[in-house]
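Observations on chain architecture
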Amino acid sequence: MNFVVPDFYPAAAEIFVAVMALVIMLSTTFARSIARSLGYFLCQFTLIAAAFITIGTMHGEVSYTFSNMFISDLMGDFLKVMIYFSMAIALLYGRSYLADRNINKPEYYLLAILMTLGMMVMVTSNHMLTMYIGLEMMSLALYALVAFDRDSARSTEAGMKYFVLGALASGLLLYGMSMVYGATGTLEFSGVAQSVYNQAANKPVLLFGLVFLIAGICFKLGVVPFHMWVPDVYQGASTAVTLILATAPKLAAFAMAVRLLIWGLFDIAEQWQTMLMLVAVASIILGNLAAISQPNIKRMLAYSGISHMGFMLLGLLSGVVEGDRHFALNAYSSAMFYAVAYVIMSLASFGMIILLSRAGFEAERIDDFKGLNKRSPWFAAVMMFVMFSMAGVPFFIGFFAKLSVLQAVVAAGYFWIAAVAVVMSVIGAFYYLRVVKVMYFDEPVDTAPIHAPAELRVLLSANGIAIAALGLAPQALMSICAYALLASL
Amino acid sequence: MTDMQKLYLLVPLAPLFGAIMAGLFGKTIGRAGSHIVTILGVAVAFAASVVIFQDVQAGNTFNGTLYTWMQAGGLTFEVGFQIDALTVMMMLVVTFVSLMVHIYTIGYMSEDPGYQRFFSYISLFTFSMLMLVMSNNFLQLFFGWEAVGLVSYLLIGFWYERPTAIYANLKAFLVNRVGDFGFLLGIGLIAAYTGSLNYAEVFAKANELAGMNMDVTGWPLLTAICICLFIGAMGKSAQVPLHVWLPDSMEGPTPISALIHAATMVTAGIFMVARMSPLFELSDTALSFVLVIGATTALFMGFLGIIQNDIKRVVAYSTLSQLGYMTVALGVSAYSAAVFHLMTHAFFKALLFLGAGSVIIGMHHDQDMRNMGGLWKYMPITWFTSLLGSLALIGFPFFAGFYSKDSIIEAVHASTLAGSGYALFCVMLGVFVTAFYSFRMYFLVFHGKERFGHDHGHHEHHGDHDDEEPATDHHHGLAPGQKPHESPLVVTLPLILLAIPSVLIGFFTIEPMLFGDWFKGVIFFSEHHEGMKELAENFHGPVAMALHGIQSLPFWLAMGGVATAWFFYMIKPEIPAAIQRTFKPLYTLLDNKYYFDRFNEIVFAGGARLLGKILWKGGDQGLIDGLMINGSARLVGWVSRISALFQTGHLYQYAFTMIIGVFVLLTFWLNRA
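What counts, and where the lines are drawn
Residues numbered from 1 in each chain as written. Chains lettered and ligands numbered in written order. Predicted model: local features only at pLDDT ≥ 70, side-chain atom pairs only at ≥ 80, totals over all residues. Heavy atoms only, no water. Helix = DSSP H or I, 4+ residues; strand = E, 2+ residues; numbered from the N terminus. Expected span 1.5 Å × (residues − 1). Salt bridge = Lys/Arg side-chain N within 4 Å of Asp/Glu carboxyl O. Buried < 20%, exposed > 50% of the residue type's maximum accessible area, 1.4 Å probe, protein only. Contact = heavy atoms within 4.5 Å. Buried area = accessible area lost by both parts, 1.4 Å probe. Polar contact = N/O pair within 3.5 Å; in protein donor to acceptor, adjacent residues only side chain to side chain. Nonpolar A, V, L, I, M, F, W, Y, C, P; charged D, E, K, R; others polar. Phe/Tyr/Trp six-rings, centres within 6.5 Å; stacked < 30°, edge-to-face > 60°. Lys NZ or Arg CZ within 6 Å of the ring centre and 35° of its normal. Core = buried A, V, L, I, M, F, W, Y, C linked by side-chain atoms within 4.5 Å. Axes fitted to C-alpha atoms, helices over the stretch in contact; angles between N-to-C directions. Parallel < 35°, antiparallel > 145°, perpendicular 65-115°, else oblique. Left-handed = near helix turned anticlockwise from the far one by under 90°. Pairing = 2+ DSSP bridges. Patch = residues over 30% accessible without salt bridge, like charges linked within 9 Å, V, L, I, M, F, W, Y side chains within 5 Å. Areas by Shrake-Rupley, 256 points an atom, 1.4 Å probe, with all protein chains shown as cover.

So, about helix α8 (residues 203-221) of chain A. With 19 residues, α8 of chain A ought to run about 27 Å at 1.5 Å a step, and its terminal C-alpha atoms sit 26 Å apart, in line with that. Phi turns positive, to about 75°, at Gly222 of chain A, one or two residues after α8 of chain A.

Further remarks concern the pattern of salt bridges. Pairs can form between side chains of opposite charge whenever their charged atoms are close. Within the structure shown, the criterion is met by 24 salt bridges over all chains. In this structure, the salt-bridge partner of Asp267 of chain A is Arg325 of chain A, at a minimum N-O distance of 2.7 Å. With a gap of 58 residues between them, Asp267 of chain A in the loop between α11 (248-264) and α12 (269-292) and Arg325 of chain A in the loop between α13 (297-316) and α14 (328-356) connect regions that are remote in the sequence. By relative accessible area, Asp267 of chain A is classed as partly exposed at 32%. Via salt bridges that share partners, Lys171, Asp248, Arg313, Lys593 and Asp597 of chain B belong to a single interconnected network.

This part takes up unusual backbone geometry. What is expected of a backbone is that most residues other than glycine have negative phi and most peptide bonds are trans. Following Pro394 of chain A, the chain continues into Phe395 of chain A via a peptide bond in cis, with omega recorded as -5°. Examined against the element boundaries, Phe395 of chain A turns out to sit in the loop between α16 (377-391) and α17 (397-411). The linkage connecting Val240 of chain B with the following residue, Pro241 of chain B, adopts the cis geometry, with an omega of 0°. Within the element layout of this structure, Pro241 of chain B appears in the loop between α9 (221-236) and α10 (245-248).

A word on the interface of chain A and chain B. Taken together, the 37 residues of chain A in the interface contact 23 residues of chain B. Considering only the side of chain A, the residues that lose the most area to chain B are Val211, Met228 and Leu289 of chain A, jointly responsible for 21% of the buried surface there. Counting across the interface, chain A meets chain B through 0 salt bridges. For the pair chain A and chain B, the interface holds 6 residue pairs in polar contact (both at pLDDT 80 or more). Elements represented by at least two residues in the side of chain A that touches chain B include exactly α6 (153-184), α8, α9 (229-236), α12 and α13 of chain A. Counting residues per element, the side of chain A that touches chain B draws most heavily on α12 of chain A, at 10 residues. Residue classes in the side of chain A that touches chain B are distributed as 27 nonpolar, 5 polar and 5 charged.

Attention shifts here to the side chain of Ser307 of chain A. All names here are of chain A. On the secondary structure map, Ser307 appears in helix α13. With relative accessibility at 2%, the residue Ser307 sits in the buried group. Excluding its chain neighbours within four sequence positions, the residues that come into contact with Ser307 are Ser283, Ile284, Gly287, Asn288 and Tyr431.

Looking now at the packing of aromatic side chains. All told, the structure shown has 62 aromatic pairs over all chains when counted by the stated rule. On the basis of an interplanar angle of 5° and a centroid distance of 5.7 Å, the ring pair of Phe311 of chain A and Tyr338 of chain A is categorised as stacked. Of the two residues, Phe311 of chain A sits in helix α13 while Tyr338 of chain A sits in helix α14, which places them 27 residues apart along the sequence. Of the two residues, Phe311 of chain A and Tyr338 of chain A, neither departs from the other in class, the shared state being buried. One aromatic cluster is present, formed by Tyr40, Phe41, Tyr108, Tyr109 and Phe148 of chain A through successive ring pairs. A cation sits over an aromatic face here: Arg101 of chain A above Tyr97 of chain A, 3.6 Å from the ring centre. When the ring centre of Phe173 of chain B is taken as reference, the NZ or CZ atom of Arg177 of chain B above it lies at 5.5 Å.

In terms of nonpolar packing, the biggest core is built from 219 residues, with Tyr108, Leu265, Trp272, Met300, Leu316, Tyr332 and Phe369 of chain A touching the most fellow members. At 22 residues, the largest contribution of residues to this core is made by α14 of chain A.

Residue and element names in this part refer to chain B. Where helix α2 (residues 26-57) meets helix α4 (residues 115-134), the axes come as close as 9 Å, and the angle between the chain directions of the two elements is 30°. If you check the angle between α2 and α4, you find them roughly parallel. Of the two possible hands of crossing, α2 and α4 adopt the one that is left-handed. Listed contacts from α4 to Gly26, Gly30, Arg31, Ser34, His35, Thr38 and Val42 of α2 are Tyr115, Gln116, Phe119, Ser123 and Thr126. Among the residues making up the contact of α2 with α4, the classes are represented as 3 nonpolar, 8 polar and 1 charged.

All names here are of chain B. With respect to burial, strand β2 (residues 75-83) is a largely interior element, 7 of its 9 residues being buried. As paired elements, strand β1 (residues 62-72) and β2 share 9 bridges and run antiparallel to each other. Residue Met70 lies in a different strand from β2, and its bridge partner there is Phe77. Between β1 and β2, which follow one another and run antiparallel, lie 2 residues, and Gly73 among them has a positive phi close to 55°.

Below, the discussion takes up a nonpolar patch on the surface. All names here are of chain B. A cluster of nonpolar side chains, contributed by Ile381, Leu489, Leu493, Ile496, Leu497, Ile500, Leu504 and Phe508, occupies part of the molecular surface with about 700 Å² of accessible area. Looking at the nonpolar patch, the element that brings in the most residues is helix α20 (residues 489-515), giving 7 residues. With respect to the helices and strands, Ile496 occurs in helix α20.

Residue and element names in this part refer to chain A. Relative orientation of the contacting elements α13 and α14 amounts to 170°, with a least axis distance of 8 Å. As summarised for this structure, α13 and α14 are arranged roughly antiparallel, according to the angle between their axes. For the pair α13 and α14, the contacting residues are Ile297, Lys298, Leu301, Gly305, His308, Met309, Phe311, Met312, Gly315 and Leu316 in the first and Ala331, Tyr332, Ser334, Ala335, Tyr338, Ala339, Tyr342, Met345, Ser349, Phe350 and Ile353 in the second. Taken together, the residues of the contact of α13 with α14 break down into 15 nonpolar, 5 polar and 1 charged.

So this is what it looks like as structure tokens:
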């Protein structure tokens, strides 16, 4: 048996992050006195350096390595950069929050970097096993992070729930993968695609497995009916962790959906599209309706996240119409744009909660936003940008995200879905606008001045401005999404 | 752009400039500045019109686009002029009467605080009317049509503190909406079936249109178009049953009654139908419709003039009746006669209105004829010019009205169209009625016993037609012992200048306008509508026509009317009162204007309000607000609370939900496989 030394070059970023994870683990173990800051700064350094490496090794072509288990393409590179970016911001936002509650242990940063590595592996996997390994790596780190505030009962309860349900979902996913293997005889995405294309696969078994794959993907995206963990975990985890949970993993889950469904099972697209249709519409309806009665803003954002992921799926399910693949590129790039837009908005929304919170005060009720305009007009405006954007008010990035997926849906001829989505967005506008209303028209309950480190203030402001600016000029980001997909397909 | 084109453009733009100056900078340039700039604007327009008139006489017509506004869906929206005999005649009438009214206004409105505003409006009106008549396409026609309507609305409500004025201008606006709706439908049909808004292009397809039926209903297309367009004309030219706004429009100051509601704007409908003669000629049904409506208006509105006591209202009903005559002429395809009457009427009716205004000034803004009498002594110029105007109106031989009205009657006589018998009866009897009410007014105002200067506290305040000034500094009516006096030169000069054409213009222009080739190529009539040709064969010059007129029935009817008026109001003033008592129901019917207003108020206004209330209470408050808005909000809130209940916090339920989800998806797959 020959052992061929694999080409490490395409995986340079992953290898770097893995090495840095070890460096962080060892250095924080031995340098206990400065471990907290060291962990944080090494973590940020890793993310920034990884971004440079990813961009530096980026090239237009698709390349494979590690016996075709690893794929390097533009879509993966773009998503990875977005993941570093959102992780870096999330860590920055969360730092003071953790310090205030005395839970900024160096392990936090180690888990964060391991989680990043897991997501990177998911994004670049070309094989079901690597996909699964990446997923577990990310998930295990997340379970630990959710339960990180171990003295808090809610936090540990949330961690427990997440772990059990996540294990169930992993089981379903793995079962689905085994069915696909049984049907096609391979676990490599291109091999699966080849087998399906040649009609060599046992179709009933393949479709049976597909259901379980969908279940696994939907759990990670947090869409109905695999969403039950989302509100509890979002609320239970400390806000800094919720911030991480609600952002980068959505990109990884998007990548997982794209790799599994589009790279692997594109030829049975119409089968998984109908399943996703059910899931997406249910998520949009339930997410928006349930969010209305939530007094807790983290829970509200959790339900809002469910509906946003439903919207994102609308893009994925509009690619193929009666065998016509003409719309595919537009539809998938609209979904990708939606995912990126959601991450940007989500960062700012949880960042705002962190901004208002302080030791002993979580600022997680909608009432805590009352009269924010009087306390800080600028941050009230930032929150207004976020809420408007999430509600899909022109001209914020959220509007164009919704517009482009709806265009894809309409182009695919699913008018009823578009109608449901629009009506539900209108209903959803209620709870976003309620936040704006309490900020501007109610008297403040909490009158304490806002204490936050300068970097949080600056970056959060920049985040808010980005939501508005990308709404005014969404074309660049849209064409990057489209180009990344085009070059990868 | 040639020099002539620049001149065409100057005609509407000069009054527009005056309107803008007086309207926006009236405070700065002052009262004198305002009237100077607007009068100059209109004078320039008049002078340019005269030059254009000579140019057209020399045979230079123009039809072209000056500016393309936009192109949408195959339609081109343009600003363009069509300058030909009809246009230039209208331009002359409009600018001349407008100039007279501008001058007259200096005297009439001298004490009004809204002086600049008034000048701005009447100049704006002149601009709008010129745009209307000079247009070469339906879009610009519609623009002018609506713009004159708007200015008319503004001017009827000029004294906006008065509830009656507001009521009147709202009424005028609403009634005109009904007409404009038909007009717009007509234009829409034309645009839909010809794909063009340009007159020439549409007329070129007229024969094609005549053969077509409408898509859905199967109605003959051209008839539908013509009737729709004519409904627009009915609104603007106040034909039964859309006439109700015109008498009420007398709430406006007298100069605009003369300019807008007698001489120019109300003739826009007549002008439009004459302009559209290539279309109307191809539909006998539409022509019969026009004929019957016109004849009804001519006679029955004349009756109403008999019982009015307000001097302006008599003239207003007379206007309605005369517009009916013009419409009748259109109906029998005597377009040139209609336009001819339009022109003569513009002069003598403006004269009568301004004369009435002069009387009103002399009477210190008392308009009730029962308080006048014997004014000829005190207001000689007003008296004499009004006499000339009245003679012209009743169609006394050699006066302008004689030629135009007699031509119409002859044309009706010669017509074989359905309804022409009825029309002939109406116009004949109308001659008697016209003469009767005109001279009733003349005798009541200028002759007989002097009834002014008494304490007339006893005379009832009708509210809608007895004050004329904004109820501020004037007392109204003459104080006991006070005598009326002749109006100043700015008032009497226009009277004199208008009296000249009122007397002469018919004599000099009948031959070229009706029987010459002045309107050749502008107005069309088809082979089987030969009324005008027959007339031409019997025409041997204006003198012969007048001499022949003396021996004809209409002349004696008119004389009969004058004699009756003289007998009733000069010799035996008790007779009218006796008749009034004897024929009480008839009098009540006339006094209530055939109950048109009551009917409209109860059926249309009341019905619309009822419908609005049903929609408001039931539709808006009940269905939309109650069921849909609040109901859906309640439903959403309810569903939201229910869905929150599913979130129990129990881990096994969460896991169960996931499994259910997988089963649902599996069912999906099982069903499809």
